[in-house]
Amino acid sequence: MSVHLGVMVLCAACVSVVFAVLQRDEPAAQARFAAQTFAALVGGGLLLGVLQYIFFR
Amino acid sequence: MNNKTLPPDRPSVALACIGAWLVPGLGHALYGKPRTAIILLIVLTLMFACGLAFGGRVFPFGGPEPLVWLAAAAEWCLGAPRVVAAIAGWGAGDVVAATYEYGNTFLIVAGLLNTLAVLDVFDLGTGRKS
């Protein structure tokens, strides 16, 4: 479980950083955008996991 | 259109896009964005290396499954790291590894993210973005 979560977090972190440097110009805006994207990706993944656990176990 | 921030002797859009495809971040470096270039180079190469380390497969073109073709196309979008992997024989894929699918995901996503970077370089070169 920890391996799966860790790999998902690593992937989300990488994607967030690339999205941020491509979508924003200023470092502060990039950091904010990366944090928001990271939270959305990890939060969305966890939410989907919980929904699958509830409805498809 | 705002080309004032670009170097006057900047390369052509086609050359910059090919460079961005070959080496992640090279297109941004050519257009005067070294910070973005370094971040792209580090992150995308790290993702590709993680994909290989997780036992992901470097998909070849061919075979009857169209999804494999799409995965191969996505991985080729990373340019030089994919070429190096092909030459060195890396990425055979460890299908029994718990992280096999994660490895594939990392390899494919790295290529697709580099495609976004190439499109960003195109926007920089044509003046759509400064």
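Since we're looking at a predicted model, the values are computed, not measured. (Residues numbered from 1 in each chain as written. Chains lettered and ligands numbered in written order. Predicted model: local features only at pLDDT ≥ 70, side-chain atom pairs only at ≥ 80, totals over all residues.)

Caption draft 1: Structural detail: the overall build of chain A. Counting secondary structure elements, chain A contains two helices and zero strands. For 57 residues, the compact-globule estimate of 2.2 N^0.38 gives 10 Å, and chain A exceeds it by more than 25% at 14 Å. Overall, chain A is about 45 × 20 × 15 Å in size when its C-alpha atoms are taken along their principal axes. (Helix = DSSP H or I, 4+ residues; strand = E, 2+ residues; numbered from the N terminus. Rg over C-alpha atoms; globule rule 2.2 N^0.38 Å.)

Caption draft 2: Summary view of the overall build of chain B. Counting its secondary structure elements, chain B contains six helices and zero strands. Reading the helices (α) and strands (β) of chain B from amino to carboxyl end gives α-α-α-α-α-α. Referenced to the eigenvectors of the C-alpha coordinate spread, the extents of chain B come out at roughly 55 × 30 × 20 Å. The burial tally for chain B puts 44% of its 130 residues in the buried class. The long-range share in chain B, meaning contacts at least 24 apart out of those at least 6 apart in sequence, stands at 72%. (Buried ≥ 20, exposed ≤ 12 C-beta atoms within 10 Å, placed from the backbone. Contact = placed C-beta atoms within 7 Å.)

Caption draft 3: Spotlight on the interface of chain A and chain B. In this assembly, ten residues from chain A lie in contact with 17 residues from chain B. Grouping the constituent residues of the side of chain A that touches chain B by class yields ten nonpolar, no polar and no charged. (Nonpolar A, V, L, I, M, F, W, Y, C, P; charged D, E, K, R; others polar.)

Caption draft 4: Quick look at the packing of helix 3 (residues 34-53) of chain B against helix 6 (residues 100-126) of chain B. Residues and elements named next belong to chain B. In the contact formed by helix 3 and helix 6, the axes pass within 7 Å of each other and the chain directions differ by 155°. If you check the angle between helix 3 and helix 6, you find them roughly antiparallel. Two packed elements cross with a definite hand, and for helix 3 against helix 6 that hand is left-handed. Here helix 3 contributes Leu 40, Leu 44, Met 47, Phe 48, Cys 50, Gly 51 and Leu 52 to the contact with helix 6, which in turn contributes Gly 103, Phe 106, Leu 107, Val 109, Ala 110, Leu 113, Asn 114 and Ala 117. Tallied by class, residues from the contact of helix 3 with helix 6 come to twelve nonpolar, three polar and no charged. (Axes fitted to C-alpha atoms, helices over the stretch in contact; angles between N-to-C directions. Parallel < 35°, antiparallel > 145°, perpendicular 65-115°, else oblique. Left-handed = near helix turned anticlockwise from the far one by under 90°.)

Caption draft 5: Region of interest: the nonpolar core. By size, the foremost hydrophobic cluster in this structure holds 44 residues, and its most contacted members are Val18(A), Met47(B), Phe106(B) and Ala110(B). If you list the elements that add at least two residues to this core, you get helix 1 (2-23) of chain A together with helix 1 (13-22), helix 2 (26-30), helix 3, helix 4 (66-76) and helix 6 of chain B. Looking at which element gives the most residues to this core, the answer is helix 6 of chain B, with eleven residues. Residues within four places of Val18(A) in sequence aside, it is in contact with Leu40(B), Val43(B) and Leu113(B). (Core = buried A, V, L, I, M, F, W, Y, C linked by C-beta atoms within 7 Å.)

Caption draft 6: Representation of the environment of Leu52(B). Residue and element names in this part refer to chain B. Here Leu 52 lies in helix 3. Here the alpha-carbon distance between Leu 52 and Arg 128, two residues 76 residues apart in the chain, equals 36 Å. Setting aside anything within four residues of it in sequence, one finds Leu 52 in contact with Ala 85, Trp 90, Gly 91 and Gly 103.

Caption draft 7: Representation of the packing of helix 4 of chain B against helix 6 of chain B within the structure. All names here are of chain B. Viewed as axis vectors pointing N to C, helix 4 and helix 6 meet at an angle of 55°, and their least axial separation amounts to 6 Å. Our classification of the angle between helix 4 and helix 6 gives oblique. Judged by the sense of rotation from one axis to the other, the crossing of helix 4 with helix 6 is left-handed. For the pair helix 4 and helix 6, the contacting residues are Ala 71, Ala 74, Glu 75 and Trp 76 in the first and Asn 104, Leu 107, Ile 108, Gly 111 and Leu 112 in the second.

Caption draft 8: Expanded view of helix 2 (residues 27-56) of chain A. In this model, helix 2 of chain A (30 residues) spans 42 Å end to end at C-alpha, consistent with the 44 Å of a helix rising 1.5 Å per residue. Burial of helix 2 of chain A is sparse: only two of the 30 residues sit out of reach of the surface. (Expected span 1.5 Å × (residues − 1).)

Caption draft 9: Inspection of the environment of Tyr100(B) at higher detail. Residues and elements named next belong to chain B. Within the element layout of this structure, Tyr 100 appears in helix 6. The class of Tyr 100 is partly exposed, set by 16 C-beta atoms lying within 10 Å. Distance from Tyr 100 to Gly 56, taken between C-alpha atoms, is 5.0 Å for residues 44 residues apart in sequence. Once residues lying within four places of it in the same chain are set aside, the contact partners of Tyr 100 are Gly 55, Gly 56, Gly 93, Asp 94 and Val 95.

Caption draft 10: Representation of helix 3 of chain B in the model. Residues and elements named next belong to chain B. In this model helix 3 runs 28 Å from its N-terminal to its C-terminal C-alpha over 20 residues, within 8% of the 28 Å that 1.5 Å per residue would give. Every buried residue belonging to helix 3 is among Thr 36, Ala 37, Ile 39, Leu 40, Val 43, Leu 44, Met 47, Phe 48, Cys 50, Gly 51 and Leu 52, and all of these are buried. Following helix 3 by one or two positions, Gly 55 has its phi on the positive side, about 90°.

Nothing here speaks to function; it is all geometry.
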